[in-house]
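# Coordinate inspection notes
Okay, here's what each chain looks like letter by letter:
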Amino acid sequence: MYQTTLVPTGEGDAALDAVDDAIEITAAEGTVHVLGVVEEIPMYERSGKPEKFDEDDPERRERLAAAVDRVATAVADAGIDSETAIESGVPAHEIAAHADAVDADAVVMGKRGLDAAADDLLGSTTERVIRTADATVVSVPVSG
């Protein structure tokens, strides 16, 4: 059993697939940290112009906060303490940094299945976290 587990989430439901595994491996007296990361997307990704990062999008932050709350509620329903945080930046970097900051024993995260070509070219946030985090990383396939 792990004492300190980190479950990162985006705006979607991938973390909901991972939270059951996180609950299962976290000691009853342990803590599950739920981290939401607002990905900073360079403006040129959206506009085609080389500009600075987009301004903070309150709607994206609200969706992310709702996703963090859903995961934290599932943890609380299982009788385990949780702490939540929302950061901005590159997801893999923020996840690894947060895992270090809370001294996480394990990071449990959902992994969406990209097609083989996209996965080979782009990699995934989960794979980047596996390469950079000092903690054990558990990759949970996302259902349907």
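So, here is what we can say about the structure in this document. It should be emphasised that the depicted structure is a prediction, and the values quoted were computed from it without experimental measurement.

## Concerning the environment of Val19
Tracing the backbone shows Val19 in helix α1 (residues 14–25). The spatial distance from the C-alpha of Val19 to the C-alpha of Thr9 is 9.9 Å, given a sequence separation of 10 residues. In contact with Val19, not counting residues within four places along its chain, are Val71, Ala74 and Val75.

## Some words on the packing of helix α4 (residues 91–101) against helix α6 (residues 125–132)
For the pair α4 and α6, interaxial distance at closest approach is 9 Å and the crossing angle is 40 degrees. Here α4 is positioned oblique relative to α6, judged by the angle of their axes. Remark: the crossing between α4 and α6 carries right-handed chirality. Residue-level inspection shows Pro91, Ala92, Ile95 and Ala96 of α4 in contact with α6, the latter providing Thr125, Arg128, Val129 and Thr132. Looking at the contact of α4 with α6 residue by residue, the classes come out as 5 nonpolar, 2 polar and 1 charged.

## Considerations on the pairing of strand β4 (residues 106–111)
Counting buried residues along β4, 6 of its 6 residues qualify, which places the element largely inside the surrounding structure. Of the two faces of β4, the one carrying Ala106, Val108 and Gly110 and the one carrying Val107, Met109 and Lys111 are both buried. Here 2 bridges tie strand β1 (residues 2–9) to β4, and the two strands are oriented parallel to one another. Each residue of the ladder has a partner; that of Thr5, found in β4, is Ala106. Two strands pair when backbone bridges link them, and β4 and strand β5 (residues 136–141) are joined in this way by 6 bridges, in the parallel orientation. Bridge assignment links Lys111 to a residue of β5, and that residue is Pro141.

## Some details on the sheet that holds strand β2 (residues 26–39)
Taken together, 5 strands build an open sheet; the order of strands is β3-β2-β1-β4-β5 and the sheet is parallel. Where the open sheet ends on each side, the last strands, each with one partner, are β3 (81–89) and β5. Ignoring strand direction, the axes of neighbouring strands in this sheet form an average angle of 25 degrees. The strands touched by α1 are β1, β2, β4 and β5; relative to β4, the strand with the most contacts, the crossing angle is about 150 degrees. Helix-sheet contacts for helix α3 (residues 58–77) involve β1, β2 and β3, and the interaxial angle to β2 is about 170 degrees.

## Re α4
Considered for burial, the residues of α4 that qualify are Pro91, Ala92, Ile95, Ala96, His98 and Ala99. Along α4, the residues classed as buried sweep out an arc of 165 degrees about the axis, all on the same side. Summarising the geometry of α4, the exposed residues directed more than 90 degrees from the buried face are His93 and Ala101. Immediately downstream of α4, the backbone of Asp103 shows phi near 55 degrees, a positive value.

## A closer look at unusual backbone geometry
Here the phi dihedral of Asp103 falls at roughly 55 degrees; this positive angle occurs in a residue that is not glycine. Assessed through its relative accessible area of 59%, Asp103 is described here as exposed.

Criteria and cut-off values
- Residues numbered from 1 in each chain as written.
- Predicted model: local features only at pLDDT ≥ 70, side-chain atom pairs only at ≥ 80, totals over all residues.
- Heavy atoms only, no water.
- Helix = DSSP H or I, 4+ residues; strand = E, 2+ residues; numbered from the N terminus.
- Contact = heavy atoms within 4.5 Å.
- Axes fitted to C-alpha atoms, helices over the stretch in contact; angles between N-to-C directions.
- Parallel < 35°, antiparallel > 145°, perpendicular 65-115°, else oblique.
- Left-handed = near helix turned anticlockwise from the far one by under 90°.
- Nonpolar A, V, L, I, M, F, W, Y, C, P; charged D, E, K, R; others polar.
- Buried < 20%, exposed > 50% of the residue type's maximum accessible area, 1.4 Å probe, protein only.
- Pairing = 2+ DSSP bridges.
- Arc of directions from axis to C-beta.

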